[in-house]
Amino acid sequence: MIRARTLKLGVARAGETERRSVVTRRPVDVCLAMIVRDESRTIRRCLASVKRHVSGYVIVDTGSTDDTVPIIQAEMRRLSGSVIRESWSGRFDAHRNTALSAVGQLTAKLRDPWLLTIDADETLLGNLGDAIKRLAPRYDVIHCYAADLEYRFRKLLAARVRSTRRWVSPIHEYLETDPSARAITVEPSVLCLRYGQDGYRRRHGATWLADRDSLIRMGPQDVRSAWLLARTYESAGRLTEAAKIFAEVKDRADDQDMRFQAAWGELRTRWATPDDDAKCARIAHEMTQMTSASRAEPLCVLAAIAVRQRRLDEAEILCDGARQCDLPVGTLMYDAGANAWKPDMLSAAAAFVRGEFQRAAALADRALDARSVPAPQRRKLRRLRERALLARG
């Protein structure tokens, strides 16, 4: 089992200053390991973000019919490595283990190599080599967050090769490491994966149904697998089924973060389908009790309910509370928008209902300044600002 911690680089905690100041001076050997299929749209962008951080690569292609392999060979021509072609087996872990085995052979003569894992529709932000130099004296596994425009998910990014064992699970696979491996989650300001949502699997909706079938075939669901099944239903737009499974996970989970994630999943899926505000408010209140109101997501939902019910003073208080919440760390998933533009969007709506049109336009402008606003919400904000400006005269 991995002993995990979350730290922000450059900010020493009590008793850690001397140990954390140790930086390995020699270059870090990092080997890229990926599995791909028909990723010609995204692979060049991905490799451009990582190739300066790696000294070698192993990429398993599971049946591309486009230019994925030629693009890889052109982009990585100055590095040692290989593209391994395999027919798709139906198991992600099998192909990742092929790559892991080849990484072991490629790095066998290196002193302390590391493994970098990334998907083709992701790009790496930050200096991986510098982060590994700082963390290698104390840690063996590095997690970071993969971010799209709204949500951020904790993901494995890199691991010391000698600490790895094998990938496990045919879908939503995870890397099994030595029991003594020490893990850390770094904050987005240090390292982050930008999730493009334009890879092969995102472009082929049938993959969600295949994911569902694979998870069901795995038999009785542990809490992690059940949560992943609920997420799969959510991604496929099957919100009623997702909400039911999220609720079951919430009742079964012992881990506080998993309970929060399940409650938040239930809230998201119920909020997106016709449901009564009272049920959503009850779930949001449960979430605030789990975290002592230290997370912005449930506060934003309660604020949205308050705006809809014209309880505008309450909505403003909840928005102020959301703005004061720090970005959560060490958690499986969080809504970055709740700590950025969502409180301003909700305050703008409340100000508009009050007739405070100039303030509503200003708040909408401030929300639009955030680059992370998804297109549908950006359109809503622009319409709100235009209506407020017209009403102000």
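Predicted model only: the values in this text are computed from it and were never measured.

*Asks:* Explanation requested: the pattern of salt bridges in the structure shown.
*Replies:* Opposite charge on two side chains permits them to pair, given that their charged atoms come into close proximity. A full pass over the atoms with the stated rule returns 34 salt bridges. Taking the shortest distance from any N to any O, the salt bridge between Arg96 and Glu173 comes out at 2.5 Å. Placement of Arg96 in helix H4 (residues 92-106) and of Glu173 in the loop between strand E9 (164-168) and strand E10 (174-177) is noted, with a sequence separation of 77 residues between them. For the salt bridge of Asp257 with Arg295, the shortest nitrogen-to-oxygen distance reads 3.9 Å. Residue Asp257 is located in helix H10 (residues 256-271), and its partner Arg295 is located in the loop between helix H11 (277-291) and helix H12 (296-308); the two are separated by 38 residues in the primary sequence. When salt bridges that share partners are traced, they join Arg96, Asp119, Glu122, Lys155 and Glu173 into one network.

*Asks:* Is there a simple way to think about the state of the cysteines in this case?
*Replies:* As used here, a disulfide is simply a covalent bond connecting the sulfur atoms of two cysteines. If you walk through the whole model with that rule in mind, you get zero disulfides. With no disulfide of its own, Cys319 lies 6.4 Å from the sulfur of Cys300, the closest cysteine sulfur. For Cys319, a relative accessible area of 2% corresponds to the buried category.

*Asks:* Which parts of the structure should I look at to understand unusual backbone geometry?
*Replies:* If a residue is not glycine, its phi is most likely negative; likewise, a peptide bond is most likely trans. A positive phi angle, near 50°, is found at His172, a position not held by glycine. Relative to the elements of secondary structure, His172 occurs in the loop between E9 and E10. Unlike most non-glycine residues, Arg310 shows phi in positive territory, near 60°. One can find Arg310 in the loop between H12 and helix H13 (312-323). On the basis of relative accessible area, Arg310 is assigned to the exposed category, the value being 53%.

Definitions and cut-offs
Residues numbered from 1 in each chain as written. Predicted model: local features only at pLDDT ≥ 70, side-chain atom pairs only at ≥ 80, totals over all residues. Heavy atoms only, no water. Salt bridge = Lys/Arg side-chain N within 4 Å of Asp/Glu carboxyl O. Helix = DSSP H or I, 4+ residues; strand = E, 2+ residues; numbered from the N terminus. Disulfide = S-S within 2.5 Å. Buried < 20%, exposed > 50% of the residue type's maximum accessible area, 1.4 Å probe, protein only.

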